[in-house]
Amino acid sequence: MTTLNEIVAEINDALPNIKSGSLRFWGQWFGRPYDNWHRIVSCKTLDENALILTFNEEERLTIWEPGGVGCNAAHFRIENAKRVRWEWYYYGKPKLTTNLHISDYTRTDDKIVTFTTAEWYAAEREPSTTHPAVEIL
């Protein structure tokens, strides 16, 4: 079993050549497919159960109990996680706390429970445990 520190080391060793592109969480696109472009700039542990990925626009992705990590210039994927939290500033507005939004995905046995502070953000489809927890496409 891969430890969290080994996952963080693998990601950091692959920087800056990790795949960049559009994000999907359990099959649910962040925004329209291929409409956004995200690039990981750092990775660190939050605690003994979670890692934090920081992206080029100061977005932050926290992943609790990640598993099945694969990353290189061609792909980035985390197959499993207990929880995924995406934090981003409303694009085009100042990076202030009032413009910070959160989308949170928590895996139960066979379902993904979601929460977002961006009430105007309507996902195009429901997340599913049949898809990877995080993908960059």
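Heads up: the structure comes first, above all this text.
All values derive from a computational prediction rather than experimental measurement.

Draft legend 1. Quick peek at helix α1 (residues 4-14). Those residues of α1 that sit buried are Leu4, Ile7, Val8, Ile11 and Ala14. Viewed end-on, α1 has its buried residues packed into an arc of 135°, placing them on one side of the element. The outward face of α1, more than 90 degrees from its buried face, is lined by the exposed residues Asn5 and Asp13. Turning to α1, the residues buried within the fold contact β3 (40-45), β4 (50-55), β6 (67-71) and β7 (76-80).

Draft legend 2. Just the sheet that holds strand β5 (residues 60-64), in detail. Reading across the sheet, the 6 strands line up as β3-β4-β5-β8-β9-β10 and stay open at both edges, with antiparallel pairing between neighbours. Strand pairing shows two members of the sheet lacking a second neighbour, β3 and β10 (112-116), which therefore form its edges. Mean inter-strand twist for the sheet, computed between neighbouring axes without regard to direction, equals 15°. In this structure, β5 lies alongside strand β8 (residues 83-89), joined through 5 bridges in antiparallel fashion. Its bridge partner lying in β8, Arg60 is registered against Glu87. Seen against the sheet, α1 touches β3 and β4 and runs at an angle of roughly 160° to β3.

Draft legend 3. Highlighting the sheet that holds β7. Read across the sheet, 5 strands follow the order β2-β1-β11-β7-β6 without closing on themselves; strand pairing throughout is antiparallel. Every other strand in the sheet has two partners, leaving β2 (28-29) and β6 as the edge strands with one partner each. Note: strand β1 (residues 23-25) against β2, 2 bridges, orientation antiparallel. Paired with Arg24 across the two strands is Trp29, which belongs to β2. Of the strands in this sheet, β6 and β7 are in contact with α1, which crosses β6 at around 10°.

Draft legend 4. Unusual backbone geometry, seen in detail. That bond from Leu15 to Pro16 is cis: its omega, 0°, falls within 30 degrees of zero. When you line up the elements, Pro16 lands in the loop between α1 and β1. Phi at Trp26 takes a positive value of approximately 50°, unusual for a residue other than glycine. Classification of Trp26 by relative accessible area gives buried; the value is 0%. The backbone of Glu65 shows a phi angle near 50°, a positive value even though the residue is not glycine. Its place among the elements puts Glu65 in the loop between β5 and β6. Judged by its relative accessible area of 44%, Glu65 falls in the partly exposed class.

Rules used in this analysis
- Residues numbered from 1 in each chain as written.
- Predicted model: local features only at pLDDT ≥ 70, side-chain atom pairs only at ≥ 80, totals over all residues.
- Heavy atoms only, no water.
- Buried < 20%, exposed > 50% of the residue type's maximum accessible area, 1.4 Å probe, protein only.
- Helix = DSSP H or I, 4+ residues; strand = E, 2+ residues; numbered from the N terminus.
- Arc of directions from axis to C-beta.
- Contact = heavy atoms within 4.5 Å.
- Pairing = 2+ DSSP bridges.
- Axes fitted to C-alpha atoms, helices over the stretch in contact; angles between N-to-C directions.

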